[in-house]
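Examination of the molecular architecture
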Amino acid sequence: MQAIADLLRRLFRAREAGVSVFLVMALVAAAILAPRFYSLQNLRNLLLDTPLVVTVGMGMTAVIVCRQIDLSVGSIVAVSGMAVGEIYRAHPSMPTPIAMAVGVAVGALLGLGNALLVTYLKVPSIITTLGTMSIYRGLAFVIGGGRQINPNDLPAHLVSLSISSPVGIPYLALLALVIFLLTHVFLSMSRMGRAIYATGSNPDAARLSGLPTEGIVAGAFIACGALAGLAGIMYASRFGFVNPAQTGNGFELQVIAATVIGGTQVTGGSGTAVGTLLGCILLAAIVNILTVAHLSGRWQLAAYGAIILVAIVSDGAGRLQSTPVVS
Amino acid sequence: MTIKKPTWNHQFTLVLLVALSFVISAHLSRHFLDPAYLLTATTNFVETGLMALAMTVVILVGEIDLSVACNLALTAALTGVLWSHYSWPLPLACCMGLTVSAMAGLANGLLVTRLKLPSLTVTLGSMALLRGAAQVLVGDRSITGFPDWFAGVDQRVVGPFPAITLLLAAAAVAWWAFLTRSVRGRMTEAAGSNPAAARLSGVSVDGIRTRAFVISGFIAGLCGLMMMSRVGAARWDMAQGRELDVITAVVLGGTDISGGQASIPGTMLALLLIAVMRTGMGLAEINPETQHVAVGILLAASIAVPNLLKMRTRRKAALAT
């Protein structure tokens, strides 16, 4: 009995406890209010709605754990999508792996831009990425001359990634799953991953104990950019077009919201890949439930805001209770 | 107590940049030098300016308010709906809108000060919630057809000047006088530059922080009514992304994003710079995306270039010794 109680207590104290409770509540609510949520077709839609946010969310988790933030991911998605789309326009037979490599490279390069501004020029990350968000968005227009990448510019084998599936799960979702697993192992078990937490929780102490903190921060930005670049290809595959204005617009809000709901704190040093994954699923499930329950799309944004606030307030209230007040 | 001020150099650079962009804009389009046009164009930036004044104080005390533009939209949507659907008299609806905007600011402030939550996440959440509420209220429609006394606030003039531009100028002077000449203003600066010391000397730091959020919310509401009157419509997607322009003006003006250092003249100069650039580029038919790029580069460069220069002088000093 004691062992079970201990296990329960540990589960309840886990960083992901809050988001798990909300997710269970949402799933129960769905079962009562909109049973159609559990139809296979709908669950499949859910599987296609989450991969993009999960992919970029993994990078964002690393960035936020480092005590930084990246507002430019939505624009990076657009630049990468446009770049790959333009290459497809010229060479329709380009194999998918090369397209992905190009997308990742473009994203990593843009992430490097953020990294240099933050670590070398010491511009705070919120200012850096507020600026590069506009700059990269402009770049997306320059690449395609303002035109959008149309469905007939994209080859069928790219689009089929989000349709066909080896085991009932589309390739797109499998890709996101692999990225999640890699990030989870990296963050929780590797030496470098732990160094990220050290950097975020106390940068000075981390530096004094010999960690290359600036390199770690730079690495997080580059990884986040690379994953956003990959998400650009995934966007093209999922939606069949890339629009320089529309693609990735407001995406940064979704990703940051999912990360924060998953228990990652913007003050740095804490947060897990599992939490972010659950946060992504929770947000996607809520939007999906609203749709299935025939509540019009106009409730979506308000629901987002409410869930973000409820999540961080319950997290904050829990912390206030559990830590002695020092003043 | 001495408080770190942005250096004179920074404001001097801003003045130079304003002059430079003015000359370039005048070259790009000959319509730019028409004084009547320029004065009318200023009315487009009054809301951004008022919100930037409030944001300067929020950032000064070490916080950030991402929800201002969404608060603006909710105030407009709520006022519009109360007036058009529930037949409230428009003045009463305006009062209600303003009350809600101030309450939203208060909610932000209390969450930040009482629950010790980071303002970045709190206002990220309220940003979505407030604009979402506006969307729930009005959907995809626009509420239009306001009475004459309410509409077209930007067309009222005092002499040659648009009334709301004068309002912004007066607000800036009042704000500056408050921050630098009044006891409460000095307390606000103290709360920003060294919260622990301020608290120990009896300044209610949390009270000041909460008040900064309430004022930011209230001003956003006021700007909502102003924009509603100016464009003659209330929609849920009004001023989308405007918080970026507001924060850009504040940071470009020399206010430190981590708090403790702020400059009202700097904020106003930065606003002027953004206004001249956007108006000039607009007249030269440069598309909005390119305008965003220019403002984005300006924002990043405004901190990166001084840091780079500082690093070079430090390196030189190290070599000399």
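The structure we're discussing is the one just above.
Summarised in this report is the structure supplied together with it. (Residues numbered from 1 in each chain as written. Chains lettered and ligands numbered in written order. Predicted model: local features only at pLDDT ≥ 70, side-chain atom pairs only at ≥ 80, totals over all residues.)

1. Here's the deal with the overall build of chain B
- Within chain B, the regular secondary structure consists of 13 helices and four strands.
- Here the C-alpha atoms of chain B give a radius of gyration of 20 Å, agreeing with the 20 Å that 2.2 N^0.38 yields for 321 residues.
- Summarising its shape, the C-alpha atoms of chain B cover approximately 75 × 55 × 35 Å along the three principal directions.
- Residue burial in chain B is summarised as follows: out of 321 residues, 50% are buried.
- In chain B, the proportion of contacts linking residues at least 24 apart, taken out of those at least 6 apart, comes to 79%. (Helix = DSSP H or I, 4+ residues; strand = E, 2+ residues; numbered from the N terminus. Rg over C-alpha atoms; globule rule 2.2 N^0.38 Å. Buried ≥ 20, exposed ≤ 12 C-beta atoms within 10 Å, placed from the backbone. Contact = placed C-beta atoms within 7 Å.)

2. Notes on the overall build of chain A
- Scanning chain A from terminus to terminus reveals 15 helices and zero strands.
- Computed over C-alpha atoms, the radius of gyration of chain A comes to 20 Å, within 12% of the 20 Å expected from 2.2 N^0.38 for 327 residues, which places it in the range of a compact globule.
- For chain A, the spread of C-alpha atoms along the three principal axes comes to 65 × 55 × 35 Å.
- Taken over 327 residues, chain A has a buried fraction of 52%.
- The long-range fraction of contacts in chain A, counting pairs at least 24 apart against all pairs at least 6 apart in sequence, stands at 81%.

3. Points about the nonpolar core
- Ranked by size, the top nonpolar core spans 205 residues in total, and within it A:Val79, A:Ile308, B:Leu72 and B:Ala73 carry the most contacts.
- When residues of this core are assigned to their parent elements, the largest contribution, 17 residues, is made by helix H12 (residues 213-239) of chain A.
- Aside from chain neighbours lying at most four places away, what touches A:Val79 is A:Val106, A:Leu110, A:Tyr136, A:Leu139, A:Ala140 and A:Ile143. (Core = buried A, V, L, I, M, F, W, Y, C linked by C-beta atoms within 7 Å.)

4. Let's talk about the interface of chain A and chain B
- Opposite the 38 residues of chain A that make contact, chain B presents 38 residues.
- Of all the secondary-structure elements, those providing two or more residues to the side of chain A that touches chain B are helix H7 (125-144), helix H13 (251-261) and helix H15 (300-322) of chain A.
- Broken down by element, the residue count for the side of chain A that touches chain B peaks at 13 residues, all from H15(A).
- Residue composition of the side of chain A that touches chain B, by class: 27 nonpolar, eight polar and three charged. (Nonpolar A, V, L, I, M, F, W, Y, C, P; charged D, E, K, R; others polar.)

5. A closer look at the environment of B:Val153
Residues and elements named next belong to chain B.
- Here valine 153 shows up in the loop between strand S1 (143-144) and strand S2 (157-158).
- For valine 153, a count of 19 C-beta atoms within 10 Å translates into the label partly exposed.
- Residues valine 153 and glycine 80 lie 73 residues apart in sequence; the distance between their C-alpha atoms is 16 Å.
- Contact partners of valine 153, with chain neighbours within four places excluded, come to Ile164, Met226, Ser229 and Arg230.

6. Some thoughts on unusual backbone geometry
- Positive phi outside glycine occurs at A:Arg67, with the angle close to 70°.
- Relative to the helices and strands, A:Arg67 is located in the loop between helix H4 (51-65) and helix H5 (73-90).
- A positive phi angle is found at B:Ser87, which is not glycine, with a value near 55°.
- Mapped onto the fold, B:Ser87 is located in the loop between helix H4 (68-84) and helix H5 (90-114).

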